[in-house]
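Structure at a glance
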Amino acid sequence: MSPRLSVRDIANRKGAEPIVCVTAYTAPMAGFMDPYVDLMLVGDSMGMVIYGMATTLGVTLDMSIAHGQAVMRGSAKACVVVDLPFGSYQASKVDAYKAAARVMSEVGCAAVKLEGGREMAETIEHLTQRGIPVMAHVGLKPQSVNAVGGFRVQGRTPDEARAIVADAKAVSNAGAFCVVIEGTVESLARDITRAIPIPTIGIGASSACDGQVIVTEDILGLYGAFTPKFVKRYAELGVSVSEAVASYAADVRARKFPGPEHVYGAAPAKKKPLKKKR
Ligand code: KIV
């Protein structure tokens, strides 16, 4: 039996102990976080926080797979889910199956995530009926940032709120094992969490959800471009990195590093054997 949490374990946590999810993209970071979390998402946020892109749209399937493999190698317990990147699943449910099957077989993860509500219900049903568990994603959908005019909070008006409830119900009915709700108001997150039988995982959607996901680089102070209101900084690792590298640079310039304790000694000279006299 795998020691990892399964998608069933996650689904069964509905209404019970909160589900803890972080994003992970590399083996060392996955190893540091694995003992403390339930779910690790290899999110397409990697495009922004690892690769310095302005949006998530430039992430490719090969990138998702390579980072997914790294996270699997670095972790042992968490349920690992990999994002299907922009363009890999929207055109048709057949495309979606091909992309998801590649991820599942090459990464060995537990599930894929895709963005979308009612418009993706048929695709989610297609994947889940063919053995691919799906985490859905409604509310603010970063892959649609160009269509909605930026990273802005969704569901503030009654019409928007009704649409997001309908999206959440549609993905739940289609067979998703849980759903990310991103960037919306607390009352709506609470209504959705009460209305559907699968866990809701919030990001910028309040503690009314069944669990939380966060972009790890945001809470560790490793991504400086902007800090959304919903992010709490638990560390300032970016500052620590700058300070450490500044000290290293000063030591190198002052010839203080490497010191004697960092230097390899030469092998002791071998004694020559004495020549026998005749
Ligand atoms: O890509 C990502 O990290 C995500 C989370 C923000 C949910 O989709």
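Before reading on, note that the structure itself is shown above.
Residues numbered from 1 in each chain as written. Predicted model: local features only at pLDDT ≥ 70, side-chain atom pairs only at ≥ 80, totals over all residues. Heavy atoms only, no water.

1. Considering the site of the ligand
Taken together, Thr 23, Leu 41, Gly 43, Asp 44, Ser 45, Asp 83, Lys 113, His 137, Val 180, Glu 182, Ile 203 and Val 213 make up all the residues around the ligand. In the model, an oxygen atom of the ligand is placed 2.9 Å from a nitrogen or oxygen of the Asp 44 side chain. Side-chain polar atom of Lys 113 to an oxygen atom of the ligand: 2.9 Å apart, as the coordinates give it. Expressed as a share of its isolated accessible area of 260 Å², the protein-covered part of the ligand is 96%. (Near = heavy atom within 4 Å. Polar contact = N/O pair within 3.5 Å; in protein donor to acceptor, adjacent residues only side chain to side chain. Areas by Shrake-Rupley, 256 points an atom, 1.4 Å probe, with all protein chains shown as cover.)

2. A few points about the pattern of salt bridges
Pairing between side chains of opposite charge can happen when their charged atoms approach one another. Following the criterion strictly, the structure yields 12 salt bridges and no others. Residue Asp 83 pairs with Lys 113 through a salt bridge whose shortest N-O separation is 2.8 Å. One end of the pair, Asp 83, is in strand E3 (residues 79-83); the other, Lys 113, is in strand E4 (residues 111-113), and 30 residues separate them in sequence. Classification of Asp 83 by relative accessible area gives buried; the value is 1%. We note a salt bridge from Lys 93 to Glu 122, for which the minimum N-O separation is 3.1 Å. Of this pair, Lys 93 sits in helix H5 (residues 93-107) while Glu 122 sits in helix H6 (residues 121-129), placing them 29 residues apart in sequence. Among the residues examined, Lys 93 registers a relative accessible area of 31% and is labelled partly exposed. Overall, Glu 122 belongs to the exposed group, its relative accessible area being 53%. (Salt bridge = Lys/Arg side-chain N within 4 Å of Asp/Glu carboxyl O. Helix = DSSP H or I, 4+ residues; strand = E, 2+ residues; numbered from the N terminus. Buried < 20%, exposed > 50% of the residue type's maximum accessible area, 1.4 Å probe, protein only.)

3. Some words on unusual backbone geometry
Residues other than glycine predominantly adopt negative phi, and peptide bonds predominantly adopt the trans conformation. In this chain, Phe 257 is followed by Pro 258 through a cis amide linkage whose omega measures 0°. Mapped onto the secondary structure, Pro 258 falls in the segment after helix H11 (237-253). A positive phi angle is found at Ser 206, which is not glycine, with a value near 80°. Take Ser 206: it is sitting in the loop between strand E7 (200-203) and strand E8 (211-214). Taking relative accessible area as the criterion, Ser 206 reaches 23% and is therefore assigned partly exposed. Its identity as a non-glycine residue notwithstanding, Arg 255 has a phi of 55°, on the positive side.

4. Details of the packing of H5 against H6
With their axes 9 Å apart at the nearest point, H5 and H6 run at an angle of 45° to one another. By the angle between their directions, the pair H5 and H6 is classed as oblique. The element H5 and its partner H6 pack so that their crossing is right-handed. Contact residues: Lys 93, Ala 96, Tyr 97 and Ala 100 in H5; Glu 122, Thr 123, His 126 and Leu 127 in H6. Here the residues of the contact of H5 with H6 are counted per class, giving four nonpolar, two polar and two charged. (Axes fitted to C-alpha atoms, helices over the stretch in contact; angles between N-to-C directions. Parallel < 35°, antiparallel > 145°, perpendicular 65-115°, else oblique. Left-handed = near helix turned anticlockwise from the far one by under 90°. Contact = heavy atoms within 4.5 Å. Nonpolar A, V, L, I, M, F, W, Y, C, P; charged D, E, K, R; others polar.)

5. Describing the pairing of strand E6 (residues 178-182)
In terms of burial, E6 is largely enclosed, as five of its five residues are buried. Neither face of E6 is open: one carries Cys 178, Val 180 and Glu 182, the other Val 179 and Ile 181, and all of them are buried. In terms of strand pairing, strand E5 (residues 134-139) meets E6 through five bridges, oriented parallel. Residue pairing across strands places Val 138 opposite Ile 181, the latter belonging to E6. Remark: the E6/helix H9 (residues 186-195)/E7 crossover connection has right-handed handedness. (Pairing = 2+ DSSP bridges. Right-handed = clockwise from strand over helix to strand, strands pointing away.)

6. Here's the deal with the nonpolar core
Core analysis: the largest hydrophobic core is formed by 78 residues, its most contacted members being Leu 39, Met 40, Val 103, Val 112 and Ile 124. If sequence neighbours within four positions are ignored, Val 112 has contacts with Val 81, Val 82, Leu 84, Ala 100, Val 103, Met 104, Leu 127, Ile 132, Pro 133, Val 134 and Met 135. (Core = buried A, V, L, I, M, F, W, Y, C linked by side-chain atoms within 4.5 Å.)

7. Some points on the side chain of Thr 216
Note on placement: Thr 216 falls in helix H10 (residues 216-219). The exposure class assigned to Thr 216 is buried, which follows from its relative accessible area of 2%. In this structure, Thr 216 is in contact with Val 22, Thr 23, Met 29 and Met 33, ignoring residues within four places of it in sequence.

8. Details of the layout of surface pockets
Each pocket or cavity is described by its volume, and for the largest pocket that value is around 710 Å³. As for the largest pocket, its lining consists of 35 residues, of which Leu 140, Glu 182, Ile 203, Pro 228 and Phe 230 are closest to the centre. For the lining of the largest pocket, the secondary-structure elements that each account for two or more residues are helix H3 (46-49), E6 and E8. Taken together, the residues of the lining of the largest pocket sort by class into 17 nonpolar, eight polar and 10 charged. Taken as a whole, the second largest pocket encloses approximately 390 Å³ of empty space. Those elements that place two or more of their residues in the lining of the second largest pocket are strand E1 (19-23), helix H2 (27-33), E8 and H10. In the lining of the second largest pocket, the residues fall into 17 nonpolar, three polar and one charged. (1 Å grid on protein atoms, 1.4 Å probe; cavity = no way out; pocket = protein on both sides within 12 Å on 5 of 7 lines; lining within 4 Å. Points joined across faces, edges and corners; volume = space filled by probe spheres on them.)

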